[in-house]
Protein chains: 2
Amino acid sequence: MAPRAETICLPPQQLESWTGRMDALCTQIKRTAKLMSQMLRSWVTSANDPESGFPLNNLPYGVFSIEGGVRRCGVAIGDQILDVAALDRMGLLKAHGTLSRASWNDFMALGPVAWATFRAELTDMLAEGADPTALAPYLVPMAAAHLHMPFKVSEFTDFYASKHHATNVGTMFRGADNALPPNWLHMPIGYNGRASSVVVSGTPVKRPNGQLKSPDQTEPRFGPSERFDIELELGAIVGVASDGPLSVQEAFDNIFGYVLLNDWSARDIQAWEYQPLGPFQSKATATSISPWIVTAAALEPFRTETPEREVPLLDYLQEPGPMLYDIDLGVTLAPQGQAAVEITQTNYNEMYYSAAQQLAHHTSSGCPMRVGDLLGSGTISGPARENRGALLEITWGGTEPLVLPGGETRSFIEDGDTLTLHGLAQGDGYRIGFGECVGTVVPRDEGT
Amino acid sequence: MAPRAETICLPPQQLESWTGRMDALCTQIKRTAKLMSQMLRSWVTSANDPESGFPLNNLPYGVFSIEGGVRRCGVAIGDQILDVAALDRMGLLKAHGTLSRASWNDFMALGPVAWATFRAELTDMLAEGADPTALAPYLVPMAAAHLHMPFKVSEFTDFYASKHHATNVGTMFRGADNALPPNWLHMPIGYNGRASSVVVSGTPVKRPNGQLKSPDQTEPRFGPSERFDIELELGAIVGVASDGPLSVQEAFDNIFGYVLLNDWSARDIQAWEYQPLGPFQSKATATSISPWIVTAAALEPFRTETPEREVPLLDYLQEPGPMLYDIDLGVTLAPQGQAAVEITQTNYNEMYYSAAQQLAHHTSSGCPMRVGDLLGSGTISGPARENRGALLEITWGGTEPLVLPGGETRSFIEDGDTLTLHGLAQGDGYRIGFGECVGTVVPRDEGT
């Protein structure tokens, strides 16, 4: 049958060439959009410092108190916190009372339109040129504030979705031949964690006790973990409840924001307990998060594609657009009384699966999600040793200890060590900072 | 060195014989105590029927409403519900307002002394001989009430602690040689489940979609589970928050009560997803619980020992006394429009680990527990085929289908099937009933 007049027929090579050029153009447009997104200037002058993590572009949400006063919602701007709880109480905002609570959950529950309205309102009020008279009395110096958990964690899920991490750990735990489980390239592997153990940055972390048995021992014993570790992750916060399967786009739209997340892990407890039903007490001691929720809105200019698929994904996991973010991440280690030293640097764009894909998979069975659910990305490791997100990988199971500047070595965390996660998205002359996620490891019987 | 005068020396055989006799005496005393615990009679005459699951000895706690009215706390007695929310509101109780809530969490948070006081108060007021005048107006026929979730599930943990079940499943999933994982006799294996998917008896259960790949297929596909199953369990409810390791005795004391629990499981989704981090979407569709919380106090006469240890337990898991219960359990299956048929019968005393041991292990890493945490026992299977707590085991992975009285066969659950868990502790002339835990499986796109 001859082609109809309005049909144009092309050789496949031509189509492929065009597709390639369109892809290149799309990449260029995205880069341009990112560069065009410049610093928004504020009358809070400290926010205009290009080194500040909290310019007007960011406006992350936290919960703070002053000198033992009541916990309430605040928004970071430069080196100040805007007391939005007080503004709300005074009727100066459209947020209707949700901000005087000790968490952002009730605000999140208002939904995406309210999120956007509130953000636009704050951006207008804090912009350079706006009249500071009404708001200035509600600025609190960040240095004077105590930061608390920014939201109530409903449930906590942790994933295993960085390919470099999964390959490294798999090689150590199951051998190079079985490193990447057969399902790994088909789905974001996840497991349920423990919400009650999520704590805010600054909370001391007690070294856990647990059952320990190395392969050369015949019986387990009970005692303090000797292989206590960090996991460098980003946590995605669900802001919209759902009660059935979500598409990847719906999942993306339901994510309110992100925090740094350190999923403290006892590797020796884990090795003995995790078969056949997964990690349990090895991950239940503490999970630290940074105190500021960086909104998905603030990260919009930093969206980036997940890496090319090695095998095609099933339809329900396909992304309609770039849903990862370009966020530089790192960890420092400071032995007690000593200076901090950077032990790893990586980027959130190393993830094989985005948080949107993880959330879509999480709901694929019909699992209901709630406002305040927290999804850990899984440890984020890059290709090189200096990009690995856990000591387990950096020291290759303790066989290649880190040598610190003072000459001390570290296979795993020692009591008194302070581990600090940091992260930022670098824009054109401004940055979206996550602040820090800090934890000092103390022996089981001490600490608070 | 000669023994001192006040020291008595005995040959080991003599000591062993005495120990054996003391054990036998202890068993006899326990049996006698159980037999001596007789029915407490009530002026609510339906509670005095030996076939009633809700005599004065039981007094289980639920949440009910009538004709779309407000949800509130109630206590089952015979075929009636005592509207304790109304009694509390009228100042007729010492419970101080917690009972008008739509869950028992706030009451649980009052702690064990309040639990005991309330139970004693109810027992006195409802006892035969007490004046019914004040209370009678607050009795609601159970038949007229709608039952809801009796408590808000904070977090849900599921265990794997019946040895027959673990052996059966292990044999099918990993072969007879690796059936019982090496850690199994040393710790109650558990994993975190999903609290948001816990529903009350009567809620329809939608067959989940998920990734499916049988070993003979090269690629996974996405579709409805073809091996959807039940798990017959008992759920223990944590009534006291804690923030560090608990002893087994402390754990026992912190458990408020028990419900029947059906942890619906998609075996095909599970088989493909569970390595290396455990079950995730295979268990996230729904977990049904019975609507009445049977208190630990009501079960006190039915305490029984865990089976003899095959290897000694580490100190932190040793029980100071009998902490299991003698509770008969069973499941019926009713194809759509057909009569229900019993498909299994077992007993909670088949557990290798008690809920107290599970909770102690759960806190061993320092994991904080909250009021309303729910701990599933894990599937409870006895030694014979007719004692197995899941279809996976009953039909041996679908290879030995059940033949139903009408001639139909079942390897796994079909759409329209209604599965009902039931349970009771049989005393001397009375029984502590759990009521039923019912769920009908509907296709993914139907249901509520």
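Scroll up to find the structure.
Predicted model, so just to flag it, every value in this text is computed and none were measured.

A count of helices and strands for chain A gives 10 helices and 26 strands. Scaling as 2.2 N^0.38, a compact globule of 448 residues should have a C-alpha radius of gyration of about 22 Å, and chain A matches this with 23 Å. In terms of principal-axis extent, the alpha carbons of chain A reach across some 80 × 70 × 45 Å. Counting across all 448 residues of chain A, residues that qualify as buried make up 59%. Of the roughly 17600 Å² of accessible surface on chain A, a fraction of 55% belongs to carbon and sulfur atoms.

For the structure shown, the criterion picks out 34 salt bridges over all chains. In this structure, Arg-101 of chain A engages Asp-106 of chain A in a salt bridge whose closest nitrogen and oxygen atoms are separated by 2.3 Å. Note that Asp-83 of chain B is salt-bridged to Arg-72 of chain B, the shortest N-O span being 2.9 Å. Of this pair, Asp-83 of chain B sits in the loop between β3 (80–82) and α2 (84–89) while Arg-72 of chain B is found in strand β2 (residues 72–77), placing the two residues 11 residues apart along the sequence. As far as the burial class goes, Asp-83 of chain B and Arg-72 of chain B line up, both buried. A single salt-bridge network, built from bridges that share partners, covers Asp-229, Glu-231, Asp-263, Arg-267 and Lys-283 of chain A.

Turning next to the environment of Ala-95 of chain A. All names here are of chain A. Its location among the elements puts Ala-95 in the loop between α2 (84–89) and α3 (105–108). As for Ala-95 and Ser-247, which are separated by 152 residues in sequence, their C-alpha atoms are 29 Å apart. Look past the residues within four positions of Ala-95 in its chain and what remains in contact with it is Asp-88, Leu-110 and Phe-118.

What follows covers the interface of chain B and chain A. Across the contact, 58 residues belong to chain B and 58 residues belong to chain A. Among the residues chain B hides against chain A, the three largest losses belong to Arg-194, Leu-277 and Phe-280 of chain B. Together they make up 16% of the total. We note a salt bridge from Asp-373 of chain A to Arg-194 of chain B, for which the minimum N-O separation is 2.4 Å. There are 28 residue pairs in polar contact (both at pLDDT 80 or more) connecting chain B and chain A. Among the elements that line the side of chain B that touches chain A, the one with the most residues is strand β7 (residues 190–192) of chain B, at three residues. Classifying every residue of the side of chain B that touches chain A by side-chain character gives 26 nonpolar, 22 polar and 10 charged.

This part takes up the sheet that holds strand β2 (residues 72–77) of chain A. Residue and element names in this part refer to chain A. The strand order across the open sheet built from five strands is β4-β3-β2-β1-β5, with neighbouring strands paired in antiparallel fashion. Lying at the two open borders of the sheet, with one neighbouring strand each, are β4 (139–141) and β5 (146–148). When strand polarity is set aside, the average angle formed by the axes of neighbouring strands in this sheet is 50 degrees.

The next thing to look at is the environment of Ala-284 of chain B. Residue and element names in this part refer to chain B. Within the element layout of this structure, Ala-284 appears in the loop between α7 (267–273) and β16 (287–289). With relative accessibility at 3%, the residue Ala-284 sits in the buried group. Along the primary structure Ala-284 and Arg-303 are separated by 19 residues, whereas in three dimensions their C-alpha atoms are 32 Å apart.

A separate point is the packing of aromatic side chains. Tallying each qualifying case throughout the model produces 42 aromatic pairs over all chains. Each ring, one from Phe-107 of chain A and one from Phe-256 of chain A, has its centre 6.1 Å from the other, and the planes form 70 degrees; the classification is edge-to-face. With a gap of 149 residues between them, Phe-107 of chain A in helix α3 and Phe-256 of chain A in strand β14 (residues 255–263) connect regions that are remote in the sequence. Using a relative accessible area of 1% as the deciding quantity, one classes Phe-107 of chain A as buried. Consider the rings of Phe-173 of chain B and Tyr-274 of chain B, whose centres lie 5.8 Å apart with planes at 65 degrees: the pair is edge-to-face. Taken together, the residues Phe-173 of chain B in helix α5 (residues 163–174) and Tyr-274 of chain B in the loop between α7 and β16 connect sequence positions 101 residues apart. A relative accessible area of 7% means that Tyr-274 of chain B is categorised as buried. In textbook terms, an aromatic cluster arises when at least three aromatic residues are bridged by ring pairs, as seen for Tyr-61, Trp-104, Phe-107, Trp-115, Phe-118 and Phe-256 of chain A. The ring centre of Tyr-352 of chain A lies 3.9 Å from the NZ or CZ of Arg-309 of chain A, which sits over that ring. For the cation-ring pair, Arg-309 of chain A lies above Tyr-353 of chain A, with the distance from its terminal atom to the ring centre recorded as 5.6 Å.

With that settled, consider unusual backbone geometry. All names here are of chain A. Cis geometry is adopted by the peptide bond preceding Pro-276, which originates at Gln-275 and carries an omega value of 5 degrees. Despite not being glycine, Leu-59 has its phi angle at roughly 50 degrees, a positive value. Mapped onto the elements of the fold, Leu-59 is located in the loop between α1 (12–36) and β1 (61–65). On the accessibility criterion, Leu-59 (0% relative accessible area) is buried. Not every positive phi belongs to a glycine, and Trp-396 is a case in point at roughly 45 degrees. Along the chain, Trp-396 turns up in the loop between α10 (391–394) and β23 (402–403). On the accessibility criterion, Trp-396 (25% relative accessible area) is partly exposed.

The next thing to look at is the relation of the copies chain B and chain A. Mapping one chain copy onto the other needs a rotation about an axis and a shift along that axis. It takes a turn of 180 degrees to lay chain B on chain A, together with a shift of 0.0 Å along the axis; the resulting RMSD is 0.0 Å. The operation mapping one copy onto its partner corresponds to a two-fold rotation axis. No C-alpha of chain B approaches the rotation axis more nearly than that of Gly-278 of chain B, which lies at 2.1 Å. The share of interface residues of chain B whose copies in chain A are also at the interface is 100%, consistent with both copies meeting through the same surface.

Turning our eyes to something else, we now look at helix α4 (residues 112–126) of chain A. Taking 1.5 Å as the rise per residue, α4 of chain A with 15 residues should run 21 Å; its terminal C-alpha atoms sit 21 Å apart, in good agreement. What α4 of chain A keeps buried is the set Trp-115, Phe-118, Arg-119, Glu-121, Leu-122, Thr-123, Met-125 and Leu-126 of chain A.

Now for the sheet that holds strand β26 (residues 431–442) of chain A. Residue and element names in this part refer to chain A. Ordered in space as β9-β26-β25-β20-β21, the five strands form an open sheet in which the pairing is mixed. Looking at the sheet topology across the chains shown, the edges are occupied by β9 (205–206) and β21 (341–347). Two elements, strand β20 (residues 328–334) and β21, share six bridges in a ladder whose sense is antiparallel. The residue of β21 that forms the bridge with Asp-328 is Asn-347.

Moving on, we get to the pairing of strand β25 (residues 418–426) of chain A. All names here are of chain A. Direction of pairing for β20 relative to β25: antiparallel, over a ladder of seven bridges. Bridge pairing in β25 places Leu-329 opposite Gly-423. Where β25 lies against β26, eight bridges are found, and the strand directions are antiparallel. If you follow Ala-425 over to β26, its bridge partner there is Ile-432. The loop that links β25 with its antiparallel partner β26 comprises four residues; one of these, Gly-429, has a positive phi angle of about 85 degrees.

Scoring rules and cut-offs
- Residues numbered from 1 in each chain as written.
- Chains lettered and ligands numbered in written order.
- Predicted model: local features only at pLDDT ≥ 70, side-chain atom pairs only at ≥ 80, totals over all residues.
- Heavy atoms only, no water.
- Helix = DSSP H or I, 4+ residues; strand = E, 2+ residues; numbered from the N terminus.
- Rg over C-alpha atoms; globule rule 2.2 N^0.38 Å.
- Buried < 20%, exposed > 50% of the residue type's maximum accessible area, 1.4 Å probe, protein only.
- Areas by Shrake-Rupley, 256 points an atom, 1.4 Å probe, with all protein chains shown as cover.
- Salt bridge = Lys/Arg side-chain N within 4 Å of Asp/Glu carboxyl O.
- Contact = heavy atoms within 4.5 Å.
- Buried area = accessible area lost by both parts, 1.4 Å probe.
- Polar contact = N/O pair within 3.5 Å; in protein donor to acceptor, adjacent residues only side chain to side chain.
- Nonpolar A, V, L, I, M, F, W, Y, C, P; charged D, E, K, R; others polar.
- Pairing = 2+ DSSP bridges.
- Axes fitted to C-alpha atoms, helices over the stretch in contact; angles between N-to-C directions.
- Phe/Tyr/Trp six-rings, centres within 6.5 Å; stacked < 30°, edge-to-face > 60°.
- Lys NZ or Arg CZ within 6 Å of the ring centre and 35° of its normal.
- Least-squares fit on C-alpha atoms with pLDDT ≥ 70 in both.
- Expected span 1.5 Å × (residues − 1).

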